[in-house]
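For reference, the chains in residue letters:
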Amino acid sequence: MAQPSGNPPVQAVTATRDDLRNGIKSDAGTSHVITVAPSAPSGDPDDFYSWPQLGEDMPDHVVEKVKASRAAIPLAKFGDYHKDGKATGFTTNGKQCTPTEVATPEEEKNPKLAAILRRVELDMHNEGGVSSVMTGDPARFTWGRGLTSGVLADAFTDFLQAAPDAKTAFLDCGIAMVDKKWKIVDTDKSKSRFDADALAMLDGRDQPDLKKQLLSAFVKITEDFIQPAADAQWPAFKKRFYYGKRPPPEVEANWRPEAVAYVVHCAAWGSFRGWPEFAKTGGDLHKILRTEADGLPGSYFVDKGDHILVKEVSGGVYPATTMIFGMGVDIMWKEHIVVACPEYPSVQHGDVVFEVNVGHRGQAQAAHLVLRGTPRQFDPNEKYNVWIENHYSLKMADLLKELKHMTYKDLKAHRDWYTSDKNAKKEKWGPRPRVAMDAVLHKGEGENGAWILNDAKVAEITPDHWYDQYDMLKAVIGIT
């Protein structure tokens, strides 16, 4: 019987995802009711583990196995990571584990070096355990004792090579590292996400159940293979923060290990003026602490005129508590480098006052601690020149990225000092750093920021010769 007019023939079709991608062929004018069949495994039991080499779309049998594996992971106990008074991520303390080899046989031949390395390893316990994870700060994802970015990638790659069963467990949970970049299966979309897109699945507070499930996989699998994890994390840390910023020979030879380790921790923490400045202290803990205080980012302290107040909290960082209790295994407190300051704000001229976090006030026996009798170790404005000296030669994309991590106040302080007539090194590294700083300070202003492009041309960043840098600046300013 002929179909009534206006009602085309209907055909039931069972199709695979590949059928849908390639298109379903049939007679013109035929309507389809399509049932999508799950993708079948190839029959090869190892087929699942090839998923990191597949494209973006994930077969159904991969997605289903990943879902089941993640569901089997017990949820870790998470705290909230706070930045600027707002919860922005999650954190766990993790379990401790000493590396099998803190000092290599070659390092042991130098007893002083070996003692320093053992103290550094102990000092870094305050950055968390081997199985710690943290999200919600500019690093986005931290694993172990403060490992982020390239150091994390080196350590995690070595970990998976040393513990193939750990690699399998992570693959089961849809987590892989490919060429030192993350690849993570998004089971909601049946896709894999790569690099920064994958990192977004771990960072932040949206979809908290998913994020806690993924982070719990890192905690559980690391703890199941904690010794090889520790054995991978420590060499990566040592390579970057000890040998990559190695103390001068006279420091290694003459300083006590505790003093060296404190400064190494400064380097790992991120507030670091470089060994030449610290070497001037001769290993005196009072001067080391004062050097670190003088070099802090502008958002971490308040200059009160006659004294400096190091803040309890700045963004998601607790600078005062970190410097006294987080670094040095409490050495600044235990050896009375700082003392209780119950009468604050009554202080002596030149003091550095530390505003103690609530959680440590019982230990400190006061809300404020003070470093007395230790003069400034250098011009506090010089830190701006040092930062620019250490960053001005970066590729424009990397320089802009670093500048975007600064607060507006801190960035403006860098820019103003770099261009100040009072600065003996005024624009020593040319106009390029100033142009980059101005672009970030005026980001999104559109045509009102066009004057920055004129300055860029003075810096020889022109559309003809450096079009890529010129376009980057335009994009930041918001000029199409």
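Everything here concerns the structure above.
In this report, we go over the structure that sits alongside the text. All figures in this text were calculated on a predicted structure; none of them were measured in a lab. (Residues numbered from 1 in each chain as written. Predicted model: local features only at pLDDT ≥ 70, side-chain atom pairs only at ≥ 80, totals over all residues. Heavy atoms only, no water.)

Between side chains of opposite charge, pairing is possible as soon as their charged atoms come close. Across all of its chains, the model carries 33 salt bridges by this definition. For Arg-193, the salt bridge is made with Asp-197, and the minimal N-O distance between the two is 3.2 Å. The partner of Arg-290 in a salt bridge is Asp-294, and the shortest N-O contact between them spans 2.9 Å. In this pair, Arg-290 and Asp-294 are both assigned in helix H13 (residues 285-294), four residues apart and thus about one turn of the helix distant. In this structure Arg-290 comes out as buried when scored by relative accessible area, which is 3%. For Asp-294, a relative accessible area of 1% translates into the label buried. Here the residues in one salt-bridge network are Arg-290, Asp-294, Asp-303 and Arg-376, joined through shared partners. (Salt bridge = Lys/Arg side-chain N within 4 Å of Asp/Glu carboxyl O. Helix = DSSP H or I, 4+ residues; strand = E, 2+ residues; numbered from the N terminus. Buried < 20%, exposed > 50% of the residue type's maximum accessible area, 1.4 Å probe, protein only.)

The next point concerns unusual backbone geometry. Cis rather than trans, the peptide bond between Tyr-344 and Pro-345 has omega equal to 20 degrees. With respect to the element layout, Pro-345 can be found in the loop between strand E12 (339-340) and strand E13 (352-355). Unusually for a residue other than glycine, Arg-140 sits at a positive phi of about 75 degrees. Of note, Arg-140 is situated in the loop between strand E5 (133-135) and strand E6 (141-143). Classification of Arg-140 as partly exposed rests on a relative accessible area of 27%. Unlike most non-glycine residues, Glu-427 shows phi in positive territory, near 50 degrees. Within the secondary structure, Glu-427 sits in the loop between helix H19 (408-418) and helix H20 (432-441).

We now examine the packing of aromatic side chains. Scanning the model with the defined rule gives 21 aromatic pairs in all. Geometrically, the ring pair formed by Phe-156 and Phe-159 is edge-to-face, given 6.0 Å between the ring centres and 70 degrees between the ring planes. Here the residue Phe-156 and the residue Phe-159 both occupy positions in helix H5 (residues 149-162), the gap between them amounting to three residues, near one helical turn. Looking at Phe-156, the relative accessible area reads 1%, which means it is buried. Summarising the aromatic geometry, the rings of Phe-156 and Phe-170 are spaced 5.1 Å apart at their centres and angled 70 degrees between planes, so their arrangement reads as edge-to-face. With Phe-156 in helix H5 and Phe-170 in helix H6 (residues 164-172), this pair connects stretches of sequence that are 14 residues apart. Like Phe-170, Phe-156 is buried. Feature note: the residues Phe-141, Trp-143, Phe-156, Phe-159, Phe-170, Trp-182 and Phe-218 constitute an aromatic cluster, connected by ring pairs. (Phe/Tyr/Trp six-rings, centres within 6.5 Å; stacked < 30°, edge-to-face > 60°.)

For any two helices packed against each other, the geometry comes down to the angle between their axes and how far apart the axes lie. The interhelical angle for the contact between helix H9 (residues 226-243) and helix H11 (residues 257-269), taken along N-to-C directions, is 100 degrees, at an axis separation of 9 Å. Considering the angle they form, H9 stands roughly perpendicular to H11. Judged by residue contacts, Phe-237, Phe-241 and Tyr-242 of H9 engage Val-260, Val-264, Ala-267 and Ala-268 from H11. Here the contact of H9 with H11 is composed, by residue class, of seven nonpolar, no polar and no charged. (Axes fitted to C-alpha atoms, helices over the stretch in contact; angles between N-to-C directions. Parallel < 35°, antiparallel > 145°, perpendicular 65-115°, else oblique. Contact = heavy atoms within 4.5 Å. Nonpolar A, V, L, I, M, F, W, Y, C, P; charged D, E, K, R; others polar.)

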